[in-house]
Amino acid sequence: RVPWIIRWPGVTHPGTRSDTPLITHDLYPTLLHAAKATVVPEHHIDGIDLKPILQGTPTPTRSLGWHQPHQVNAQGPGIEPFTSLRHGRWKLIWFHDGDRIELYDLNNDLGEQHELSSRAPDITQAMLARLDAWIQSTNAQMSISATTQMPHHIPDLSLDGHTPDM
């Protein structure tokens, strides 16, 4: 949640603002476009070219993902393997060890103080399905369980196939 300030003559206009969620991965394709460089087809690009957003073109809601599959030397609360996805107003965090799930409504709780997964199981399930699809589409390398030596998998919280509109 860090504001970006972008000046791109001929593209941006002074004083304009966008509330579209962005991610640092968007800089790579945007800078390539600004430099009139060609993307090598073998390169994997997670982000999108921001030029249409900067010009005020409405964009469809997209999912933004974060993946931290390993434990680093740091210790403390929240410093553990996780995968997270934001889609629209919702943010889901899956902590790999113990399959802990947290769900937040960022429209009403930007500071992520009120965990909602047990009160909104249908939204939680829909977000888990989106998270699983994102993991598959990015070929994300999963963390390995210290107990079983097998990759962690998203927990099954099935709701009889019901997926709510988000």
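Predicted, not measured: the structure shown is a model, and the values here were computed from it.

Draft legend 1. How the structure looks around helix H3 (residues 121-138). An ideal rise of 1.5 Å per residue puts 26 Å on 18 residues; H3 measures up with 25 Å between its terminal C-alpha atoms. Buried within H3 are the following residues: Ile123, Thr124, Gln125, Ala126, Met127, Leu128, Leu131, Trp134 and Ile135. Close packing links the buried residues of H3 with strand E1 (63-68), strand E2 (82-87), strand E3 (90-95) and strand E4 (100-105). Immediately downstream of H3, the backbone of Asn139 shows phi near 55°, a positive value.

Draft legend 2. Structural detail: the layout of surface pockets. Empty space within the largest pocket amounts to approximately 1,200 Å³. Lining of the largest pocket is provided by 37 residues; of these, Val2, Trp4, Ser18, Thr20 and Leu22 occupy positions nearest its centre. Every element with two or more residues in the lining of the largest pocket is listed here: helix H2 (51-54) and E1. Across the lining of the largest pocket, the residue classes break down as 17 nonpolar, 13 polar and 7 charged. Approximately 200 Å³ is the volume attributed to the second largest pocket. In this structure, the second largest pocket is lined by 13 residues; those nearest its centre are His25, Asp46, Ser63, Gly65 and Trp134. Those elements giving two or more residues to the lining of the second largest pocket turn out to be E1 and H3. No other element matches the 4 residues that E1 contributes to the lining of the second largest pocket. Its residues assigned to classes, the lining of the second largest pocket comprises 5 nonpolar, 6 polar and 2 charged.

Draft legend 3. Seen up close, the packing of aromatic side chains. In the structure shown here, the tally under the stated rule is 1 aromatic pair. Consider the rings of Phe82 and Phe95, whose centres lie 6.5 Å apart with planes at 50°: the pair is tilted. With a gap of 13 residues between them, Phe82 in strand E2 and Phe95 in strand E3 connect regions that are remote in the sequence. The ring of Phe95 carries the charged tip of Arg100 above its face, separated from the ring centre by 3.8 Å.

Draft legend 4. Structural detail: the pattern of salt bridges. Scanning the entire structure with this criterion turns up 6 salt bridges. Between Glu80 and Arg100 there is a salt bridge whose closest N-O contact spans 3.4 Å. Here the residue Glu80 occupies a position in the loop between E1 and E2, and Arg100 occupies one in strand E4, the gap between them amounting to 20 residues. One salt bridge connects Arg100 with Glu102, and the closest N-O pair in it is separated by 3.4 Å. Among the ionic contacts, a cluster of salt bridges with common partners joins Glu80, Arg100 and Glu102.

Draft legend 5. Structural view of the nonpolar core. Counting 17 residues, the largest nonpolar core has Leu92, Trp94, Leu103, Met127, Leu131 and Ile135 as the members making the most contacts within it. Mapped by element, the contributors of at least two residues to this core are E3, E4 and H3. It is H3 that provides the largest number of residues to this core, a total of 6 residues. In this structure, Trp8, Val11, Leu50 and Leu54 belong to the second largest nonpolar core, which totals 5 residues.

Draft legend 6. Summary view of the sheet that holds E4. One open sheet accounts for 4 strands, arranged E1-E2-E3-E4; its pairing is antiparallel. Only two strands of the sheet have a single neighbouring strand rather than two, namely E1 and E4. For this sheet, the mean inter-axis angle between neighbouring strands, taken without regard to orientation, is 10°. Pairing between E3 and E4: 6 bridges, direction antiparallel. Looking at the pairing, Trp94 lines up with Ile101 of E4. On the sheet, H3 packs against E1, E2, E3 and E4 and is oriented at approximately 110° with respect to E2.

Rules used in this analysis
Residues numbered from 1 in each chain as written. Predicted model: local features only at pLDDT ≥ 70, side-chain atom pairs only at ≥ 80, totals over all residues. Heavy atoms only, no water. Helix = DSSP H or I, 4+ residues; strand = E, 2+ residues; numbered from the N terminus. Expected span 1.5 Å × (residues − 1). Buried < 20%, exposed > 50% of the residue type's maximum accessible area, 1.4 Å probe, protein only. Contact = heavy atoms within 4.5 Å. 1 Å grid on protein atoms, 1.4 Å probe; cavity = no way out; pocket = protein on both sides within 12 Å on 5 of 7 lines; lining within 4 Å. Points joined across faces, edges and corners; volume = space filled by probe spheres on them. Nonpolar A, V, L, I, M, F, W, Y, C, P; charged D, E, K, R; others polar. Phe/Tyr/Trp six-rings, centres within 6.5 Å; stacked < 30°, edge-to-face > 60°. Lys NZ or Arg CZ within 6 Å of the ring centre and 35° of its normal. Salt bridge = Lys/Arg side-chain N within 4 Å of Asp/Glu carboxyl O. Core = buried A, V, L, I, M, F, W, Y, C linked by side-chain atoms within 4.5 Å. Pairing = 2+ DSSP bridges. Axes fitted to C-alpha atoms, helices over the stretch in contact; angles between N-to-C directions.

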